[in-house]
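# A structural walkthrough
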Amino acid sequence: MTFPAPLGAGGSLVSLPAHRLFAPVPTLRARVGAPLTPSPLVQLQVALLQPLVADGLPLLLLLQVLPLLGAAVVFAFQERSTAVVAGKVFALLELLLCIVVASRIKPESATLQLAERFVPLGYHVAVDGISLVFLLVAALLTFLMTLYGMSRGMISPGRLFAVLLVAEAGLVGMLVTLNIAWFAAFSALELWAVTYLLRRWASSRAETQALARFVQYQAFGWALFVGGCLVLGWSHADATGGRWSFDLFDLAGTVPAGKFQTAAFYLLFYGLAVRTPLFPLHGWLPNMAQHGLIAVGPALMVGVKVGIYGMLRFVLPLTPAAVEYWQPYVVGFAMAGVFFTAALAFQQSNLRRLLAFAVVSHTSLLIIGLFSLHESGIQGAVLLAANFGLAVTGMWFIVGFVFRRTGTTELHELSGLFERIPFLAIAFLIFGLAIVGMPGTPGFDAAHLVLEASIDRFGALSTVATALGNVAAAGFLLWAFQKAFLSQAKAGAHDVDKTLIMEYLVCGVALSALLAIGFFTEPWLYLTETASQAAAARFER
């Protein structure tokens, strides 16, 4: 389904009017050879909506190009100090540009805004309030990772920053594109960057094995997702007489029926579940967390929940019947994952692996909110993703700082750290409590929204069970905090340096952002409310 657009001569890149995806429009069940045209209601909506990009400036294109430009500049400077400064500057500029984009949209509109399109390449991008939450988190975490790399004294910081900016370009591309094939391409770019980081800093047999498992899982997940893309593209070609398209709006008008939709759902969902990661497809994360690049790799993969975003942007609108049919099974696995991975976390003796299982346990809560197919659940899942990204990345940063001082993350070898690094200990505690929904953090309101939707959709018993799983998560995080920071220092314990200025800055910025969103949640609820309503409208009961 192609919407009328003011394309420039020769198919040049232009700004498009904002347009709707989740608006309740009639489903087009076209047969082979039947012409596909938007309904009169859709034509009227598109005609009335006005471009939202001021002066025709392609802000979303700039968002994607700026990190790549920064990567090229940083790589050109090699390992000189200028490369480090340039990496930080470009990461900061990307964050500021995301803030500019956020200031240009109208959150009360259910449309995808600031749209840009270049037809010959299938380039089509736009954002809404939900996209902006993920974009702001991605940009902030990338900037913090540039600061973290300096505080850890990473080898080859110039090369690290260049690859980090490439990974950010992949993340941003996935968060703005409306073409599912482009989403897969940007995903491959980000996975390449993360794989390079893990391989570049691998120095032992265990690290090499962790990298191999990571590549196997991610390659398999990516192949599944690409298979789902091909099913959708083939369905569109079958309905339009051979014209292939992977554009979201085209595909929404030719949703496959029956077993083909089920196949598309399976492939897309499981492809995204691998990288989210969702129980039981989480096998790559514990080893990568323990033996990989201690914070940068995990932060790139799970700090920004692009798997959740991909399900919301593509899986829900393009396979609606399959989503509703398989909803109970998905939620059932998610509820089981909350408890199973929490139990595994209690058995861990390594702090990195414990955090990895915490990631999987709380990701299950996001899935429950998303697949409630309820306005409150979707909004809560989005805010939980932001809360989770900031909190778990902050915890991984602190584990990295501890490892730099002690050379270990084994819980039985860590003790008495609070006396030497009290700020990092308090930050670790706050990040941990944020994950389980402490009042004053975004997780409090977000978890409330998810549980509210769960009660409405699945009943009180399932909701209580999920809440108890969250309590178990609080238990193992507090247990880890007590073991590493509050237990009495052992004889012959590691000599621990005091907190550095850069460490204060990294954790301070992350804490400030987390608490600012937590105490002033209303603007974020306003930003995501209308988009969440639009996403849930298709599944109203």
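Coordinates for the structure precede this section.
Residues numbered from 1 in each chain as written. Predicted model: local features only at pLDDT ≥ 70, side-chain atom pairs only at ≥ 80, totals over all residues. Heavy atoms only, no water.

## Quick look at unusual backbone geometry
Residues Thr276 and Pro277 are joined by a peptide bond in cis, for which omega reads -15°. Assignment of secondary structure puts Pro277 in the loop between helix H9 (258-275) and helix H10 (284-291). Cis geometry is found at the peptide bond from Phe279 to Pro280, where omega equals 5°. In this structure, Leu373 takes a positive phi of about 55° despite not being glycine. Counting through the fold element by element, Leu373 comes out in the loop between helix H14 (351-370) and helix H15 (375-406). Taking relative accessible area as the criterion, Leu373 reaches 0% and is therefore assigned buried. (Helix = DSSP H or I, 4+ residues; strand = E, 2+ residues; numbered from the N terminus. Buried < 20%, exposed > 50% of the residue type's maximum accessible area, 1.4 Å probe, protein only.)

## Things to note about the pattern of salt bridges
Any two side chains of opposite charge can pair, so long as their charged atoms come close to each other. Applying the stated rule across the entire model yields 7 salt bridges. In this structure, the salt-bridge partner of Arg313 is Asp128, at a minimum N-O distance of 3.1 Å. Separated by 185 residues along the polypeptide, Arg313 in helix H12 (residues 306-318) and Asp128 in the loop between strand S3 (123-127) and helix H4 (129-151) bring together distant segments of the chain. Each member of the pair Arg313 and Asp128 is classed as buried. One salt bridge in this structure joins Glu503 and Arg405, with 2.6 Å as the shortest N-O distance. One end of the pair, Glu503, is in helix H20 (residues 501-519); the other, Arg405, is in helix H15, with 98 residues separating them in the sequence. We note that Glu503, like Arg405, is buried. One salt-bridge network, held together by shared partners, links Arg404, Arg405 and Glu503. (Salt bridge = Lys/Arg side-chain N within 4 Å of Asp/Glu carboxyl O.)

## Section: the nonpolar core
In this structure, Phe371 and Phe485 are the most contacted members of the largest nonpolar core, which totals 178 residues. Among the elements that make up this core, the one with the highest residue count is H15 (18 residues). Once you skip the residues sitting within four places of it in the chain, Phe485 turns out to touch Ile398, Val402, Gly416, Leu417, Phe418, Ile421, Ala425 and Phe428. (Core = buried A, V, L, I, M, F, W, Y, C linked by side-chain atoms within 4.5 Å. Contact = heavy atoms within 4.5 Å.)

## Brief notes about the side chain of Thr341
One can find Thr341 in helix H13 (residues 320-346). Here Ser361 takes part through its backbone nitrogen, which lies 3.3 Å from a polar atom of the side chain of Thr341. Beyond its immediate sequence surroundings of up to four residues, Thr341 is in contact with Phe279, His282, Phe357, Val360 and Ser361. (Polar contact = N/O pair within 3.5 Å; in protein donor to acceptor, adjacent residues only side chain to side chain.)

## Re a nonpolar patch on the surface
A contiguous nonpolar patch, built from Val85, Val89, Leu92, Leu93, Leu96 and Ile99 and spanning about 480 Å² of accessible area, is present on the exposed surface. For Leu93, the location among the structural elements is in helix H3 (residues 81-104). Look at Leu93 and you get partly exposed, because its relative accessible area is 39%. (Patch = residues over 30% accessible without salt bridge, like charges linked within 9 Å, V, L, I, M, F, W, Y side chains within 5 Å. Areas by Shrake-Rupley, 256 points an atom, 1.4 Å probe, with all protein chains shown as cover.)

## Here we look at H12
For H12, spanning 13 residues, the distance from its first C-alpha to its last is 17 Å, which sits close to the expected 18 Å at 1.5 Å a residue. Along its length, H12 reaches its greatest deviation from straightness, about 30°, at Leu312. Summarising burial for H12: 13 of the 13 residues are buried, a large majority. (Expected span 1.5 Å × (residues − 1). Bend = angle between axes of the 7 residues up to and from the residue.)

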